[in-house]
Amino acid sequence: MRGEDKIVPELPEVETVVRDLRPHLTGRRLTSVQVGSQPLRRRWLAEWGPRLAGRRVREVGRRGKWILIHLQGELHLVIHLGMTGQLCVMPVNEATAAHTHLVFGLDRCTKELRYRDIRRFGSATLFEGQEALDLFFQESRLGPEPFDLDPDYWRERLAGTARCLKAVLLDQHAVAGVGNIYADEALFAARVHPAAPARRLSRTRVARVHNAVRATLQAGIDAQGASIRDFRTPDGGYGSAQERFAVYGRAGEPCERCGTPLRRMVIAQRGTVYCPHCQRF
DNA sequence: ACAGGATCCTGGGGGC
DNA sequence: TGCCCCCAGGATCCTG
């Protein structure tokens, strides 16, 4: 990580953004949309602006790493932050940062909702009707929320694949919301090797993975909550929140449990850090 | 159907 | 100091 203080948004970061936005947006009307010239992962369609103008925000929610802004009249604004996306409510008179792609006006308010995304891996899409929203998640085969799962789900899911454990954790079809950072942290907490074949895991190891995924994500949510209140930087960053990670970005440093130097390998095309002593197959 | 690879994109870091 | 190259990674599309 060294000097890098951007955290790629995973479930805990997205949950934090949602909690941060909720009081600012709920009950407010979106009045307009300004669209930048550069396309996002999914192109914002010109007809969506007029369609959502004047709609009141009913609720702000989350599904996996997707942010859901439910509007009056069964419209659903679905936003993914990709790797570098930021969604902030800011004063209208504050200068608009480079790479701001969408600006939503808010009624009776001197603030506006801004979507900024340097790498443009993120997206914003408008769905009309609950069926269209359900169909989107159904077709993308988004897996269940990690907090809704029990060990039986993990046993079945892991037994039914030839892949290694970390690849399954990263797979949004298997479980929604886990990304590269929390996958590594959860496997360190569970003391299981990231390259372990998923189908060969013992019952006790599956239970450890199940508990570790939940505990790690919950700790992430708790820490982000603290960081956003205490250490939020002017550009909307999360300060020094990454100091809590035990393995992510720490290849070569001593394991906090046993002192063995942490090792790095590539799994599913993702940089993976683990303790070769604590984490076994 | 499933698994693995390529693709998109930019700022930052390493190497020379 | 400067330039080039490469790397990071989430979702999605493509191939075997």
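Residues numbered from 1 in each chain as written. Chains lettered and ligands numbered in written order. Predicted model: local features only at pLDDT ≥ 70, side-chain atom pairs only at ≥ 80, totals over all residues. Heavy atoms only, no water.

The next thing to look at is the layout of surface pockets. In this approach the atoms are scanned with a rolling probe the size of a water molecule, which exposes any empty space left behind. By volume, the largest pocket is sized at about 1200 Å³. What lines the largest pocket is a set of 36 residues, among which Lys65, His80, Met83, Gln172 and Arg270 lie closest to the centre. Of the residues contributing to the lining of the largest pocket, the split by class is 14 nonpolar, twelve polar and ten charged. (1 Å grid on protein atoms, 1.4 Å probe; cavity = no way out; pocket = protein on both sides within 12 Å on 5 of 7 lines; lining within 4 Å. Points joined across faces, edges and corners; volume = space filled by probe spheres on them. Nonpolar A, V, L, I, M, F, W, Y, C, P; charged D, E, K, R; others polar.)

Within the span of helix α3 (residues 130–139), buried status applies to Leu133, Phe136 and Phe137. Down the axis of α3, the buried side of the element spans an arc of 90°, and every buried residue falls inside it. Residues Glu131, Gln138 and Glu139 are exposed on α3 and point more than 90 degrees away from its buried face. Its buried side turned inward, α3 meets β2 (55–63), β3 (66–71), β4 (75–80) and β8 (123–128). Arg141 occupies a position one or two residues after α3 and carries a positive phi of about 55°. (Buried < 20%, exposed > 50% of the residue type's maximum accessible area, 1.4 Å probe, protein only. Helix = DSSP H or I, 4+ residues; strand = E, 2+ residues; numbered from the N terminus. Arc of directions from axis to C-beta. Contact = heavy atoms within 4.5 Å.)

Around DNA strand B sit Gln38, His99, Ile118, Arg119, Arg120, Phe121, Thr161, Ala162, Arg163 and Gln269, and that is every residue in its neighbourhood. For DNA strand B, a base oxygen lies 2.9 Å from a polar atom in the side chain of Arg119. The separation between a base nitrogen of DNA strand B and a polar side-chain atom of Gln269 is 3.1 Å. Here the surface near DNA strand B is built from residues that sort into three nonpolar, four polar and three charged. (Near = heavy atom within 4 Å. Polar contact = N/O pair within 3.5 Å; in protein donor to acceptor, adjacent residues only side chain to side chain.)

Moving on, we come to the sheet that holds β2. Ordered by their spatial adjacency, eight strands build an open sheet running β5-β7-β6-β1-β2-β3-β4-β8, and the pairing between neighbours is antiparallel. Either end of the sheet is taken by a strand with one partner, and the two such strands are β5 (85–91) and β8. Recorded for the sheet is a direction-independent mean angle of 30° between the axes of neighbouring strands. Relative to β3, β2 runs antiparallel, the two being bridged by six bridges. The partner of Gly61 across the bridge, within β3, is Leu68. Across the sheet, helix α1 (residues 11–25) lies against β2, β3, β5, β6 (100–106) and β7 (111–117), angled at about 160° from β2, the strand it touches most. (Pairing = 2+ DSSP bridges. Axes fitted to C-alpha atoms, helices over the stretch in contact; angles between N-to-C directions.)

Taken together, 14 residues form the shell around DNA strand C, and within it Arg42, His80, Met83, Arg119 and Asn180 come nearest. Within 4 Å of the protein, the contacting atoms of DNA strand C are 57% sugar and phosphate, with bases supplying the remainder. In this structure, Arg41 approaches DNA strand C through a side-chain N or O atom, which is 2.8 Å from a sugar or linking oxygen. The contact in question runs from a phosphate oxygen of DNA strand C to an N or O atom on the side chain of His80, over 2.6 Å. For the surface near DNA strand C, the residue count by class is four nonpolar, four polar and six charged.

For chain A, the assigned domains are domain 1 (11–140) and domain 2 (146–274). Listed per partner, the contact involves 14 residues of domain 1 and 19 residues of domain 2. With both sides pooled, the region where domain 1 packs onto domain 2 buries about 1200 Å², and carbon together with sulfur makes up 61% of that total. For the pair domain 1 and domain 2, the number of links is zero salt bridges. There are four residue pairs in polar contact (both at pLDDT 80 or more) connecting domain 1 and domain 2. Secondary-structure elements contributing two or more residues to the side of domain 1 that touches domain 2 are α1 and β5. The element contributing the most residues to the side of domain 1 that touches domain 2 is α1, with eight residues. Per-class residue counts for the side of domain 1 that touches domain 2 are four nonpolar, four polar and six charged. (Domains from an automatic or database assignment. Buried area = accessible area lost by both parts, 1.4 Å probe. Salt bridge = Lys/Arg side-chain N within 4 Å of Asp/Glu carboxyl O.)

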